[in-house]
Amino acid sequence: MRAIVLGSAAGGGFPQWNCGCGNCVAVRKGRPGFEPRTQDSLAVTAGALNTGTFALVNASPEILLQIQRTRALWPRAPRHSPISAIVLTNGDMDHVLGLFSLRESWPLALYVTASVREGLEQSAFIRTLRRFEGQLVVRELILGETTELADASNEPMGLSVRAFPTAGKLPVHFVGKATESPEDSIGLSFTDNTGGSLAYAAATASADVALEGHDVVFFDGTFFREDELRRLGLSKSLAKDMAHIPIDGENGSLARLSKLGARKIYTHINNTNPILAPDSDERRAVEAAGWEVAYDGMEITVGSSDVGGPK
Ligand SMILES: [Zn+2]
Ligand SMILES: [Zn+2]
């Protein structure tokens, strides 16, 4: 299995359009080591980069840019895309908006939980992906069950995925308008026939999620501290108010998950997170504990041919 990080930032991206925090100023100025990041997405294939079909995890608002700068996702025929399926981890705007940019008549299989599906069906925009029968084939993920991914015409992709709950929350636009459910926000466990496994839990309020036994774990790196936004005077919200576990603290992901045997990668990084500064103490702390920090374009090989990263 191979994976390409298409976007490694949390909602808002890096820099965020309306943010003048130290990190955002530094990346706008091009200060060394500060790399711009687009919003959360991962491409996964069981095949080779130049011949495999891909499942995307989430469809970010920057999806067209992400495809354009990722050679493996370029068309291989006059009308073609290597993207066969999209799996959504929740219904947040930073994970969904890109769907509506993929409306140029290419059949896609969409894998979502029932509650995320319900939310999507409330948008009239979804019709732009239903111009012909079979353009968007929606299939439901059931928590705890393993699903073999297939393209819109049911051709297996050689990848399986299992959804697990991540103690998330409803998308902001449904808070107070829909009933909360454990299906609102999920993590994903991918496996392929080489035995490789990759977990993706980029938005989770808890470290008590099913991450054991994976070769590679992508984890929620949204905030370094619980009160990161308050300290910077940007918001009254704590990390937990947004259903994210911070990296730091005795119950943070660094303390709780560094013992995992997997290659561990923080992603979905908010622009305020000090790990984005290349020479910060916080960056050094996560690296010293064996974690990597995802960046746009990062390529990962999972399983038997895995050569990169600490085990
Ligand atoms: Zn997000
Ligand atoms: Zn900022």
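Residues numbered from 1 in each chain as written. Chains lettered and ligands numbered in written order. Predicted model: local features only at pLDDT ≥ 70, side-chain atom pairs only at ≥ 80, totals over all residues. Heavy atoms only, no water.

Caption draft 1: Inspection of the coordination of the zinc ion (ligand 1) at higher detail. Bound to the zinc ion (ligand 1) are the protein donor atoms Asp94 (OD), His95 (NE2) and His268 (NE2), situated 2.0 to 2.3 Å from the metal. Mapping the donors of the zinc ion (ligand 1) onto the primary sequence yields the spacing D-H-x172-H. Placement of Asp94 in helix H3 (residues 93-96) and of His268 in the loop between strand S12 (263-267) and helix H7 (281-288) is noted, with a sequence separation of 174 residues between them. Each of the two residues, Asp94 as well as His268, counts as buried. (Donors = N, O, S within 2.8 Å, 3.2 Å for Na, K, Ca; no water. Helix = DSSP H or I, 4+ residues; strand = E, 2+ residues; numbered from the N terminus. Buried < 20%, exposed > 50% of the residue type's maximum accessible area, 1.4 Å probe, protein only.)

Caption draft 2: Spatial organisation of the environment of Arg127. Within the secondary structure layout, Arg127 lies in the loop between helix H4 (114-121) and strand S6 (136-140). Owing to a relative accessible area of 61%, Arg127 belongs among the exposed residues under this scheme. Distance from Arg127 to Gly47, taken between C-alpha atoms, is 31 Å for residues 80 residues apart in sequence.

Caption draft 3: Structural detail: the confidence of the model for the protein. Taken residue by residue, the protein gives an average pLDDT of 93. The fraction at 70 or more is 97%. Scored below 50 in pLDDT, residues 306-311 shows 12 contacts in the model against residues more than four places distant or in partner chains. (pLDDT = per-residue confidence, 0-100. Contact = heavy atoms within 4.5 Å.)

Caption draft 4: Spatial organisation of the sheet that holds strand S8 (residues 156-165). The 7 strands lie next to each other as S7-S8-S9-S10-S11-S12-S13, forming an open sheet whose pairing is mixed. The open sheet has two free edges, formed respectively by strand S7 (146-150) and strand S13 (291-293), since each of these has just one partner strand. Across the sheet, the mean angle from the axis of one strand to that of its neighbour is 25°, orientation sign disregarded. (Pairing = 2+ DSSP bridges. Axes fitted to C-alpha atoms, helices over the stretch in contact; angles between N-to-C directions.)

Caption draft 5: Examining the coordination of the zinc ion (ligand 2) more closely. For the zinc ion (ligand 2), the full set of protein donor atoms is Cys19 (SG), Cys21 (SG), Cys24 (SG) and Asn271 (OD1), and the range of their distances to it is 2.1 to 2.3 Å. For the zinc ion (ligand 2), the 4 donor atoms are set out with angles of 101 to 118° between them, so the coordination reads as tetrahedral. For the zinc ion (ligand 2), the donor residues sit on a single chain with the sequence spacing C-x1-C-x2-C-x246-N. Separated by 247 residues along the polypeptide, Cys24 in helix H1 (residues 22-28) and Asn271 in the loop between S12 and H7 bring together distant segments of the chain. Residue class for Cys24 comes out buried when judged on its relative accessible area of 0%. For Asn271, a relative accessible area of 1% translates into the label buried. (Tetrahedral: all angles 85-135°; square planar, octahedral: opposite > 155°, others 65-115°.)

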